[in-house]
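If you want the building blocks of each chain, they are given just below.
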Amino acid sequence: MKQRFLSFKKNKYMKDLELYEKLATGQTPKFMVIACADSRVCPSSVLGFQPGEAFVVRNVANMVPPYENGPTETNAALEFAVNSLKVENILVIGHSRCGGIRALMSMHDDVEPSGLIGSWVSVGMNARVKTKAATHLLNFDQQCKHCEKESVNCSLVNLLSYPWVEEKVRNGELNIHGGYYDFVDCSFEKWTLYKENNLRDESGKVAVKDRAFWF
Amino acid sequence: MSSSSRHAGMGNLSQEEAIEGLNKLLIHNDKDEQLNKEVETKIEKLISELLGTTPHDCHPVKRILGGFQSFKTNKFDVYPELFGELAEHQTPKFLVFACCDSRVSPSNILDFQPGEAFVFRNIANLVPPFNQLRYSGVGAAIEYAVVHLKYVENILVIGHSRCGGIDRLMELPEDGSTDNDFIDDWVQIGLPAKAKVKAEFGHLPLDEQKRECEKEAVNLSLTNLQTYPYVRERMAKKALALRGGYYDFVKGCFELWEVKSIITPPIHS
């Protein structure tokens, strides 16, 4: 651990002292990133975020629970990022072979989720329902992959359930994006969410724009 | 590039010409996107340098793309065997709790490579005590890392300087009133750490109390970790070590300590 930190200090901190001194006085990240805790998908590694750029929440299966679920660690961080730090972009990143999504897809219907993993991933229940409906002819692995992306969409929609998020998106102060990192073939898909019609209109459909695929 | 040496010699007019010329190059590049992304990124960086803006001011999507391209070129494609293996399964030896703060990514400051550490980040790197009804997010991460991943041998909780979450904890109104929906509910997990700091260091200025609380909150999280049955079980088998860390980015230093429990020999009267 000592070697690792000293290497960081020598190769990064001391080489960019001015940046680090400025950061020490305050952070003004433009991004909030919600990513999975999986050891293979650190946003700093995969997307090259440098110190000061991104306020990062990492939880199991990169989930955002809806406002009505009440307090969680994820929405406490969301509130801080949006209202105090005033980030301009929220990016929710899903990924391939996600253990949390696999656990969600493996749950039995009509049985209460067991353990803390089960309780947490049930936040993604809508994604599971949509996936099962759309992919019943595919094998389990393919269904999980579909759910990994569907769950990102579910989280993006849940972001809009927070009044202070919805307001900022409506005013154009905040953009919300979805991303999917596939580490099997090293590709990254991204898209931006917006609501058709007026956001005040509850029945306005949520749609996707600016979809891109990088490999 | 010749345009930047022109700028050094001739003043503002050539700077505009240089930017215009570079912008024209970008327009041509747009037509052949796939091949010239790297060139595009370099040109954009040059333009922003000429404009006096930092690279961080560029369009967010371009920023994300640039980061991913760099990762793919400099890491993924360079170590295909490692990433091929990681695609099949992850065997991290570390479970790390760190703050969401943009300045304290564990991959950055402790150089964790892909596959090494299962990382959970929340406000003020707090771990609440085991509770089957609340805080299932943190519990799910611990359960997954310790029970399902099996290879985790170390849990590390990292606190840091100038933590906004700890700031809020120390400034929580005494009457329990709140002006936010969720932040106060979360940070009050750290109340026992605040109480300890007030008792021992209440005579110090508030800023110094906050620094003490940043470290005390790490200790509180380490204590709370031991209320999770699967953590206790692995610790009893000596298969899991718990450590606390504190990254001070003002001074540029890192402290590390370990949880050890000792059972003394019988005490005779």
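Residues numbered from 1 in each chain as written. Chains lettered and ligands numbered in written order. Predicted model: local features only at pLDDT ≥ 70, side-chain atom pairs only at ≥ 80, totals over all residues. Heavy atoms only, no water.

Q: I'd like a description of the packing of helix H7 (residues 136–148) of chain B against helix H12 (residues 229–236) of chain B, backed by residues and values.
A: In a packed pair of helices, the relevant descriptors are the angle between the two axes and the axis-to-axis distance. Residues and elements named next belong to chain B. The contact between H7 and H12 brings their axes to 9 Å, and the two run at 35°. Here H7 and H12 pass one another in a crossing that is left-handed. For the pair formed by H7 and H12, the contact residues are Gly 139, Ile 142, Glu 143, Val 146 and Val 147 on the first element and Tyr 230, Val 231 and Arg 234 on the second. A breakdown of the residues in the contact of H7 with H12 according to their chemical character gives five nonpolar, one polar and two charged. (Axes fitted to C-alpha atoms, helices over the stretch in contact; angles between N-to-C directions. Helix = DSSP H or I, 4+ residues; strand = E, 2+ residues; numbered from the N terminus. Left-handed = near helix turned anticlockwise from the far one by under 90°. Contact = heavy atoms within 4.5 Å. Nonpolar A, V, L, I, M, F, W, Y, C, P; charged D, E, K, R; others polar.)

Q: Quick rundown of the interface of chain A and chain B? Include the residues and the values.
A: With 68 residues of chain A at the interface, the matching set in chain B holds 75 residues. Across the chain A/chain B interface, buried area totals approximately 6500 Å², and carbon plus sulfur atoms make up 62% of it. By the criterion of area lost to chain B, the three top residues of chain A are Met1(A), Arg4(A) and Leu116(A), representing 12% of everything that side buries. Counting every contact that joins chain A to chain B gives two salt bridges. (Buried area = accessible area lost by both parts, 1.4 Å probe. Salt bridge = Lys/Arg side-chain N within 4 Å of Asp/Glu carboxyl O.)

Q: Just give me the short version of the layout of surface pockets, but keep the residues and values in it.
A: In this structure, the second largest pocket encloses a volume near 430 Å³. Along the wall of the second largest pocket there are 21 residues; nearest its centre are Ser96(A), Arg97(A), Cys98(A), Arg102(A) and Ala87(B). Counting residues per element, the lining of the second largest pocket draws most heavily on helix H8 (residues 140–159) of chain A, which supplies five residues. Taken together, the residues that form the lining of the second largest pocket break down as seven nonpolar, six polar and eight charged. (1 Å grid on protein atoms, 1.4 Å probe; cavity = no way out; pocket = protein on both sides within 12 Å on 5 of 7 lines; lining within 4 Å. Points joined across faces, edges and corners; volume = space filled by probe spheres on them.)

Q: Break down the UniProt feature "binding site: Zn(2+)" (unreviewed entry) in chain B for me, with residues and values.
A: Residue and element names in this part refer to chain B. UniProt records the feature "binding site: Zn(2+)" (unreviewed entry) for Cys 99, Asp 101, His 160 and Cys 163 in the present numbering. Spanning 65 residues, the named residues nonetheless gather at one spot, since no C-alpha pair among them exceeds 9.0 Å. Within the secondary structure, Cys 99 sits in strand S1 (residues 94–99). Excluding residues that lie within four positions of it along the chain, Cys 99 makes contacts with Val 104, Arg 121, Asn 122, Ile 123, Ala 124, Asn 125, Ile 158, His 160 and Cys 163. In this structure, Asp 101 sits in the loop between S1 and helix H6 (106–109). With relative accessibility at 2%, the residue Asp 101 sits in the buried group. (UniProt positions renumbered as here; feature names shortened; annotations may be inferred. Buried < 20%, exposed > 50% of the residue type's maximum accessible area, 1.4 Å probe, protein only.)

Q: Any chance you could break down the pairing of S1(B) for me, citing the residues and the numbers?
A: Each regular strand displays side chains that alternate between the two surfaces of the sheet. Residues and elements named next belong to chain B. Burial of S1 is extensive: six of the six residues sit out of reach of the surface. With burial as the criterion, each face of S1 is covered, one bearing Phe 94, Val 96 and Ala 98 and the other bearing Leu 95, Phe 97 and Cys 99. Summarising the sheet, S1 and strand S2 (residues 117–122) pair through six bridges and their orientation is parallel. Across the sheet, residue Val 96 finds its bridge partner in S2, namely Val 119. Alignment of S1 against strand S3 (residues 154–160), held across four bridges, turns out to be parallel. Looking across to S3, one finds that Phe 94 is bridged to Asn 154. (Pairing = 2+ DSSP bridges.)

Q: Any chance you could break down the packing of aromatic side chains for me, citing the residues and the numbers?
A: Inspection of the entire model under this criterion finds 22 aromatic pairs over all chains. Geometrically, the ring pair formed by Phe76(B) and Phe83(B) is tilted, given 4.7 Å between the ring centres and 35° between the ring planes. Of the two residues, Phe76(B) and Phe83(B), both sit in the buried class. Taking the centre distance of 5.6 Å and the plane angle of 80° together, the rings of Tyr135(B) and Trp186(B) count as edge-to-face. Here Tyr135(B), found in the loop between S2 and H7, pairs with Trp186(B), found in helix H9 (residues 183–187); they are 51 residues apart in sequence, far enough to count as distant. The exposure classification of Tyr135(B) matches that of Trp186(B), with both residues buried. In this structure an aromatic cluster arises from ring pairing among Tyr181(A), Phe183(A), Phe188(A), Phe68(B), Phe71(B), Phe76(B) and Phe83(B). Between the NZ or CZ atom of Lys149(A) and the centre of the ring of Tyr180(A), over which it lies, the distance is 5.0 Å. (Phe/Tyr/Trp six-rings, centres within 6.5 Å; stacked < 30°, edge-to-face > 60°. Lys NZ or Arg CZ within 6 Å of the ring centre and 35° of its normal.)

Q: Lay out the UniProt feature "binding site: Zn(2+)" (unreviewed entry) in chain A in plain terms, naming residues and giving numbers.
A: Per the UniProt record, "binding site: Zn(2+)" (unreviewed entry) is annotated on Cys36(A), Asp38(A), His95(A) and Cys98(A). Separation in sequence by 63 residues is not matched in space for these annotated residues, since their most distant C-alpha atoms are only 9.0 Å apart. Those annotated residues from the list above that line the second largest pocket are Cys98(A). When near neighbours in sequence (up to four residues on either side) are disregarded, Cys36(A) contacts Val41(A), Arg58(A), Asn59(A), Val60(A), Ala61(A), Asn62(A), Ile93(A), His95(A) and Cys98(A). Tracing the backbone shows Asp38(A) in the loop between strand S1 (31–36) and helix H3 (43–46). Not counting the four nearest positions on each side in its chain, Asp38(A) is found in contact with Arg58(A), His95(A), Arg97(A), Gln90(B) and Phe118(B). Within the structure, the side chain of Asp38(A) is placed 2.8 Å from the backbone nitrogen of Arg40(A), a separation counted as a polar contact. (Polar contact = N/O pair within 3.5 Å; in protein donor to acceptor, adjacent residues only side chain to side chain.)

Q: How would you sum up the pattern of salt bridges? Please name residues and give values.
A: Enumeration over the complete set of coordinates arrives at 21 salt bridges over all chains. With its nearest N and O atoms 3.1 Å apart, the salt bridge here joins Arg170(A) to Glu166(A). Taken together, the positions of Arg170(A) and Glu166(A), both in helix H9 (residues 163–170) and four residues apart, correspond to about one turn of that helix. Note that Glu214(B) and Arg211(B) form a salt bridge whose closest N and O atoms lie 2.7 Å from each other.

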